2 protein chains.
Amino acid sequence: MSLMQSPPGAETVIDGRRYLYFAGTAYLGLQGRADVIHAACEATRRYGVGSATNRAWFGTTPPLLDVERLAAELMGTEEAFYYVSGYVGHHILLAALAEQFQAVWIDERAHYSAQEAVRLSGRPAYAFQHRDPADLAARLKADLRPGQRPLVVSDGVFPVLGAIAPLAEYARVLREYPGAALSIDDAHGLGVLGPNGRGTLEHTGLIARGFNGGGDEAAASSDGPTLWLCGTLSKALGGFGGVIPGSRAFVERLKAASHYYDAASAVPVPAAAATARAIELVLAEPALRTRLWENALVVKRGLGGLGLATDDTPVPIVCLTIGSAENMQRIQQELMRQGIVIAYAGRYAGVGPAGALRLAVFSTHTAAMIQRLLDALRALL
Amino acid sequence: MSLMQSPPGAETVIDGRRYLYFAGTAYLGLQGRADVIHAACEATRRYGVGSATNRAWFGTTPPLLDVERLAAELMGTEEAFYYVSGYVGHHILLAALAEQFQAVWIDERAHYSAQEAVRLSGRPAYAFQHRDPADLAARLKADLRPGQRPLVVSDGVFPVLGAIAPLAEYARVLREYPGAALSIDDAHGLGVLGPNGRGTLEHTGLIARGFNGGGDEAAASSDGPTLWLCGTLSKALGGFGGVIPGSRAFVERLKAASHYYDAASAVPVPAAAATARAIELVLAEPALRTRLWENALVVKRGLGGLGLATDDTPVPIVCLTIGSAENMQRIQQELMRQGIVIAYAGRYAGVGPAGALRLAVFSTHTAAMIQRLLDALRALL
């Protein structure tokens, strides 16, 4: 197994060697920023590693509230609920929404964590074809029973595929179903997409309708589904843990519905303190995000120039399938020999049987670094 | 909401006041130890907050391997799998055991996390009466279908009730069922119970049969169930996150079966580094554990002297139900006014409708501190 021996960044030390690193999810390059690390140490010296109890029983340390306040500020909501891992986001979200849906339609390529959360909800669940509003419409027609309110679940941005879910089209399909809900895990959209970094809902324009109990829910739901989201702070946002921003009332509902609030150890102090500082940086430095978009487009145009199909969204993830699994592994390994890391995803939600190559771009990659990647790829193809 | 403004310990600062603290789960008092905090800072400076990717894709940082090596050493197993929260332990464990059971019997008062993991397994599930081997036997007879192998699930130590599950009796009941399995979440047993701190299996003598794929599984299963456990490192063990120790083969199976390995951000660096150092302390200082047992017995004898019923196990948790919810809240609040914190559990797995008072003892409580608690309680009853 490979060991990562430095913070993840444009350059990352793996197994003793410094690589040009186009993998993982440290899109804004914050995980190794000196003041993020300083914040973690400072707080740990004051508050210890963790409170060793749950949030409801004296276990809330000050950095946790900082994260919730700053995440709410970033997302434009009244409050937020911060928990230990983005992986359990939909688990927590669906617990709070339990009374609001009777059956679920889920993108067939949604992340494992969403699939598991849907299973845990105990409701009948149907898959629809990946990013296909027409198939969603057909399957709703076929399978929705009278009186049921449907919930549609998807990733906002698919973590390996890099594709954005067509949320506005889903919302249009759901206009026919009063009381319908649309819920996304925006792990790879938060901090990346939208003028304010609010993610896929902002990018697709849906955010104006309100989400997670915010905005004019009644007005919004008369004209399409209510909107719900969970996200992570471990990727673009540079820290660790999951978050659900929302109205005060909805955040209270989350805490009452989920035992991650009252029966699990609170998020550890250093992770929370680092996360709070990293969100402050995201708020203070919008150029991190615009640089990321520029870098994503430079990489995508460059790949296009090599004859590789890509989209032109600002998502900093490119998924390439180039021939057989063996061929893709060869490319990944040859790049590594040349000091460049990309990931080969042999098995992952949404990836076909041969797997795929996944490239990730950061705001901290320089033009020269990107050129080196493109040159190396050109020589290998 | 109360804020914890110091590490949890015998004395803990809450909302600006230093309290004598008999709550939470920092049983060995390690969360605020200087060298645990130092380890967290040191590692964060080297490796950043986290790898921002999963374990399978370059996301394993050195402190994670340290935790796995040390947890295996503590538990006497070949290896261990370390993940982000003890809450998801049974989720991961049951994913790996999926082929080995067709129906589940679960203690009616087991922790929420176990209940959810059983639901997620999708197998038919039956509750049996709390800590009642005879009821378990009766329900197995009534509900087990021909050809089904049963899995019995329980907490090792119940987190609020403080009771130890009668695992040896369950194992005897399960002798009648070839291929049966018995699985516990030992969040509150690990590091606390047994001569080596290996938890409830060691305390009940079952550990000699092997667990999690270790030991002579074939021989053991001819004479009772196979044994399985998950645990946490956030409580007695002084760090953060969950752990499943086991044979090399079983740990490989866990990593293949659970997407916490290949599709979730790895445990953050400072939490892992603190945890590794805390386990080293637990291994180096067995007196932490014997002092904890002594303190638990002093508190329990003292409460017995006040006419309050307690058991005489070394579990450092005492659950008291004294009259109505209002009365218990009064006691809790009056103690707080006097500078002593215990918890009132109004709603928790296993707790009745009036709730319960929960006292926790640490190895760092002095005789004088315990006497102060007992004196205050005597005056209040």
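Residues numbered from 1 in each chain as written. Chains lettered and ligands numbered in written order. Predicted model: local features only at pLDDT ≥ 70, side-chain atom pairs only at ≥ 80, totals over all residues. Heavy atoms only, no water.

A. Molecular detail of the sheet that holds strand 11 (residues 340–341) of chain B. Residues and elements named next belong to chain B. Spatially, 3 strands are ordered 1-2-11 in an open sheet, and the strand pairing comes out mixed. The strands lining the two open edges of the sheet, one partner per strand, are strand 1 (11–14) and strand 11. Summarising the sheet, strand 2 (residues 17–21) and strand 11 pair through 2 bridges and their orientation is parallel. Its bridge partner lying in strand 11, Leu 20 is registered against Ile 340. (Pairing = 2+ DSSP bridges. Helix = DSSP H or I, 4+ residues; strand = E, 2+ residues; numbered from the N terminus.)

B. Structural detail: the relation of the copies chain A and chain B. For the pair chain A and chain B, the relating rotation is 180°, the translation along its axis is 0.0 Å, and the fit reaches an RMSD of 0.0 Å. Both chain copies can therefore be described as sitting about a two-fold axis. Both copies share a contact surface, since 100% of the interface residues of chain A are interface residues in chain B too. (Least-squares fit on C-alpha atoms with pLDDT ≥ 70 in both. Contact = heavy atoms within 4.5 Å.)

C. Structural detail: the environment of Gln 148 of chain B. All names here are of chain B. Tracing the backbone through its elements, the reader meets Gln 148 in the loop between helix 5 (133–143) and strand 6 (150–155). Exposure remark for Gln 148: the relative accessible area of 18% places this residue in the buried category. Other than its neighbours up to four places away in sequence, Gln 148 contacts Gln 102, Ala 103, Pro 124 and Asp 143. Among the polar contacts made by the side chain of Gln 148, one reaches the main-chain amide nitrogen of Arg 145 at a distance of 3.0 Å. (Buried < 20%, exposed > 50% of the residue type's maximum accessible area, 1.4 Å probe, protein only. Polar contact = N/O pair within 3.5 Å; in protein donor to acceptor, adjacent residues only side chain to side chain.)

D. Quick look at the pairing of strand 9 (residues 242–246) of chain A. Residues and elements named next belong to chain A. Here strand 9 lies mainly inside the structure; 5 of its 5 residues are buried. What you see with strand 9 is no split at all: Gly 242, Ile 244 and Gly 246 on one side and Val 243 and Pro 245 on the other are buried throughout. Summarising the sheet, strand 3 (residues 79–83) and strand 9 pair through 5 bridges and their orientation is antiparallel. Paired with Phe 81 across the bridge in strand 9 is Ile 244.

E. Structural context of the packing of helix 12 (residues 287–305) of chain A against helix 14 (residues 367–380) of chain A. Residue and element names in this part refer to chain A. Packing of helix 12 against helix 14 leaves a shortest axis separation of 10 Å and a crossing angle of 20°. Relative to helix 14, the element helix 12 lies roughly parallel. Between helix 12 and helix 14 lies a crossing of right-handed hand. Judged by residue contacts, Asn 295, Val 298, Val 299, Gly 302 and Leu 303 of helix 12 engage Ile 370, Leu 374 and Leu 377 from helix 14. Residues of the contact of helix 12 with helix 14, tallied by class, amount to 6 nonpolar, 2 polar and no charged. (Axes fitted to C-alpha atoms, helices over the stretch in contact; angles between N-to-C directions. Parallel < 35°, antiparallel > 145°, perpendicular 65-115°, else oblique. Left-handed = near helix turned anticlockwise from the far one by under 90°. Nonpolar A, V, L, I, M, F, W, Y, C, P; charged D, E, K, R; others polar.)

F. Representation of the packing of aromatic side chains in the model. Under the definition given, this model contains 18 aromatic pairs over all chains. Taken together, a centroid distance of 4.1 Å and an interplanar angle of 40° make the contact between Tyr 260 of chain A and Tyr 87 of chain B tilted. Taken as a pair, Tyr 260 of chain A in helix 10 (residues 259–262) and Tyr 87 of chain B in the loop between strand 3 (79–83) and helix 3 (89–97) lie in two separate chains rather than in one. The class for Tyr 260 of chain A is buried, based on a relative accessible area of 5%. Tyr 87 of chain B sits in the buried class, given a relative accessible area of 8%. (Phe/Tyr/Trp six-rings, centres within 6.5 Å; stacked < 30°, edge-to-face > 60°.)

G. The domain arrangement of chain A, seen in detail. All names here are of chain A. We note that the domain assignment places domain 1 (11–22 + 286–380) and domain 2 (43–283) within chain A. Of note, the centres of domain 1 and domain 2, computed from C-alpha atoms alone, are 28 Å apart. Each partner contributes residues to the interface: domain 1 has 19 residues there, and domain 2 has 23 residues. Interface of domain 1 and domain 2: buried area, both sides summed, is about 1700 Å²; carbon and sulfur atoms make up 64% of it. Where domain 1 touches domain 2, the interface holds 0 salt bridges. The interface formed by domain 1 and domain 2 holds 6 residue pairs in polar contact (both at pLDDT 80 or more) in total. (Domains from an automatic or database assignment. Buried area = accessible area lost by both parts, 1.4 Å probe. Salt bridge = Lys/Arg side-chain N within 4 Å of Asp/Glu carboxyl O.)

H. Region of the structure containing the interface of chain A and chain B. Across the boundary between the two partners, chain A contributes 77 residues, which contact 77 residues of chain B. For the pair chain A and chain B, the summed buried area comes to about 5900 Å², and 69% of that belongs to carbon and sulfur atoms. Broken down residue by residue, the surface that chain A buries against chain B is led by Val 49, Trp 57 and Phe 58 of chain A, which jointly contribute 14%. At the boundary of chain A and chain B, one finds 2 salt bridges. Connecting chain A to chain B are 18 residue pairs in polar contact (both at pLDDT 80 or more). If you list the elements that add at least two residues to the side of chain A that touches chain B, you get helix 1 (34–47), helix 2 (62–75), helix 4 (112–121), helix 9 (248–257), helix 10, helix 11 (269–284), helix 13 (325–337) and strand 12 (343–345) of chain A. Looking at which element gives the most residues to the side of chain A that touches chain B, the answer is helix 1 of chain A, with 8 residues. Of the residues contributing to the side of chain A that touches chain B, the split by class is 44 nonpolar, 23 polar and 10 charged.

I. How the structure looks around unusual backbone geometry. Residue and element names in this part refer to chain A. Residues other than glycine seldom take positive phi values, yet Asp 15 does so here, at roughly 50°. On the secondary structure map, Asp 15 appears in the loop between strand 1 (11–14) and strand 2 (17–21). We classify Asp 15 as partly exposed; its relative accessible area is 44%. At Asn 212, a position not held by glycine, the phi torsion is positive, near 45°. Along the polypeptide, Asn 212 turns up in the loop between helix 7 (200–203) and helix 8 (217–221).

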